[in-house]
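Each chain, letter by letter, is given below.
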Amino acid sequence: MSSSLGEKPDSGPVGQTSPDDPVAAPVAKESPPIVWLARLGAVFVAIQAYVYIRWIFSDSFTPIPTGPDDVPTHTLVIIRASEVICVVGVIASIIWLVRRTRRDGQFPTIGVFMMGWLLTCWQDVGVNAVVPVFSYNSAFLNMGTWGEFVPGWVSKGPETPAPILYELADYMLFLPLAVVGIDKLVTSARARWPRLNKAGIIAALLLIFLVLDTMSEQILQRQGLWSYLRVNETWSIFTGTLNQFPLYEGIVFGSVVMVASMCFYLFRRDGDRLITDAGIERLKITRGVAVVRILAFSAVMNVILAVFFLGFNLVNMHADVAPTDVPSYLHQNMCGLAENPPCPHLE
């Protein structure tokens, strides 16, 4: 019968539909945000693996010596004590994570924060990508640095060593502990002042961490653990000495980046979820959810740090003040410092 009477034209045997029938067209299912972020996180992991593998199997994988200048005894004591604390702390945190996971039947959110931050540690060397402006004391346990193997790194000779144990604990332990402490502090503050909103909390934390970062950096610099060897004079304090400190580091990294990362944890959603866990309820897997969460969080933090270090290196191009007397355990023959040859790419 003709379709002009309102009936569908014959589409063949029962059970079959026309290829043109919109009902039969497959509907594409978009991946939830957490999956897209996890994919980006996996890309960053692949980059890290590439960098670390090249570094480990290179001639650069060797300790950088302290040089002819003697490291002060009190500095050595602080360095060794901090390394012991780092090892014990990391082992204790791993044991705690395992026990907590077994007890709750799932990986804790603070563990996602810890592991996610650890997967950004490879960018720590980025401060010196273009100009050597920062240096760790080479008395720290080190095997050189992976910096020269990071894509886009400007080759300029010797680099500052990466203190393996300290950096491991700094990214995996110290920051998460600070986050837990701040989380409890914020909870207490909101209970006492119910009208305290997120904007007020963020503003207070930005100021607090600017002060804390500046103070802690100064304390550790004055103990000889590291030094900012080149700074922009306009935005720095104690310029011309080993204790010089770029306030723009304290403002952007110590305050903005740190507080931004903390907000992911402080403002968790229902079910103790991070903002980066968006769409987690749509995951079809039961195992490996923690890995997806870690990769998603690390993706966001890697992007934030990449933007920070890009901006920091642009500012470093105008870093024009360096101490005149830099000990060998801090300058490690880096170009343009002490009596070392100038940096060819800056001439």
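Numbers given for residues are sequential positions, taken from 1 along each chain in its written order. Only residues with pLDDT of at least 70 get local features here, since the model is predicted, and only at 80 or more are side-chain atom pairs given and counted; chain-wide, interface and lining totals rely on the full set of residues. Hydrogens and water are ignored here; the side-chain numbers use all heavy atoms of the structure.

For the protein chain, an unreviewed UniProt entry supplies the name Spirocyclase AveC family protein and the organism Gordonia amicalis.

Structural notes on the pattern of salt bridges
This is how it is decided: We count a salt bridge whenever a side-chain nitrogen from Lys or Arg sits within 4 Å of a carboxyl oxygen from Asp or Glu. Labels follow the DSSP assignment, with helices taken as runs of H or I lasting at least four residues and strands as runs of E lasting at least two, numbered in each case from the N terminus. Each residue is assigned to one of three classes by its accessible area relative to the maximum for its type, calculated with a 1.4 Å probe on protein chains only: buried under 20%, partly exposed between the two thresholds, exposed over 50%.
Per the counting criterion, the structure on display carries seven salt bridges. Asp 183 serves as the salt-bridge partner of Arg 268, at 3.6 Å between the closest nitrogen and oxygen. Taken together, the residues Arg 268 in the loop between α6 (247–266) and α7 (289–316) and Asp 183 in helix α4 (residues 164–192) connect sequence positions 85 residues apart. The exposure class assigned to Arg 268 is partly exposed, which follows from its relative accessible area of 27%. Asp 272 is the salt-bridge partner of Arg 268, the closest N and O atoms lying 2.4 Å from each other. Linked by salt bridges that have partners in common, Arg 100, Arg 103 and Asp 104 make up one network.

Quick notes on empty space enclosed by the protein
Think of a ball as big as a water molecule: rolled over the atoms, this probe shows where empty space is left. Threshold: Both cavities and pockets are sets of points on a 1 Å grid over the protein atoms alone; in a cavity a 1.4 Å probe fits but cannot get out, in a pocket the set is open with protein on both sides within 12 Å along at least five of seven lines, and lining residues sit with an atom within 4 Å of a point. Grid points are joined across faces, edges and corners, and a volume is the space filled by probe spheres set on the points.
Applying the stated criterion to the full structure yields one cavity of 30 Å³ or more. Within this model, the largest cavity holds a volume of roughly 100 Å³. Taken together, 14 residues form the lining of the largest cavity, with Asp 124, Val 125, Asn 128, Thr 145 and Thr 160 sitting closest to its centre.

Notes on the environment of Leu 196
Note the threshold: Here a residue-residue contact requires only that any non-hydrogen atoms of the pair lie within 4.5 Å.
Within the element layout of this structure, Leu 196 appears in the loop between α4 and α5 (198–222). According to the relative accessible area criterion, Leu 196 is partly exposed, its value standing at 28%. Leaving out residues up to four positions away in the same chain, Leu 196 has contacts with Ala 189, Arg 190 and Ile 201.

Focus on the side chain of Arg 230
What counts here: The definition of a polar contact used here is a pair of N or O atoms within 3.5 Å, where within protein one atom must be able to donate a hydrogen and the other to accept one, and adjacent residues in sequence count solely through side-chain atom pairs.
Considering the arrangement of structural elements, one finds Arg 230 in the loop between β2 (226–228) and β3 (236–237). For Arg 230, the side chain forms a polar contact with the main-chain oxygen of Cys 335, separated by 3.4 Å.

Things to note about the side chain of Ser 261
With respect to the helices, strands and loops of the structure, Ser 261 is situated in helix α6. If sequence neighbours within four positions are ignored, Ser 261 has contacts with Phe 113, Trp 117, Leu 175 and Met 301.

Examining the state of the cysteines
Working definition of a disulfide: a covalent bond connecting the sulfur atoms of two cysteines. Test applied: Note on disulfides: each one is a pair of cysteine sulfur atoms within 2.5 Å.
Summed over the entire model, instances satisfying the criterion amount to one disulfide. Its sulfur unpaired, Cys 121 is 11 Å from the next cysteine sulfur, which belongs to Cys 86.

Things to note about the UniProt feature "transmembrane region" (unreviewed entry) in the protein chain
To keep it simple, the criterion reads: UniProt positions are given in the numbering used here, feature names are shortened, and annotations may be inferred rather than shown by experiment.
Sequence positions flagged by UniProt for "transmembrane region" (unreviewed entry) are, in local numbering, residues 36–57, 77–98, 199–220, 245–267 and 288–312. Between the end C-alpha atoms of residues 36–57 the distance is 32 Å, and the span holds 95% helix and 0% strand. Helix makes up 87% of residues 245–267 and strand makes up 9%, while its end C-alpha atoms are separated by 32 Å.

Regarding the layout of surface pockets
For the record, the criterion: Only Asp, Glu, Lys and Arg are considered charged, only Ala, Val, Leu, Ile, Met, Phe, Trp, Tyr, Cys and Pro nonpolar, and every remaining residue, Gly among them, polar.
The computed volume of the largest pocket comes to approximately 910 Å³. Residue assignment for the lining of the largest pocket shows that the elements contributing at least two residues are α2 (73–104), β1 (134–136), α4, α5, β2, α6 and α7. Here the lining of the largest pocket gets seven residues from one element, more than from any other, and that element is α4. Class assignment of the residues belonging to the lining of the largest pocket gives a composition of 24 nonpolar, three polar and five charged. In this structure, the second largest pocket encloses a volume near 310 Å³. Taken together, 15 residues make up the lining of the second largest pocket; nearest its centre are Gln 123, Gly 126, Ala 129, Val 150 and Pro 151. Here the element with the most residues in the lining of the second largest pocket is α7; it accounts for four residues. For the lining of the second largest pocket, the per-class residue count stands at 11 nonpolar, four polar and no charged.

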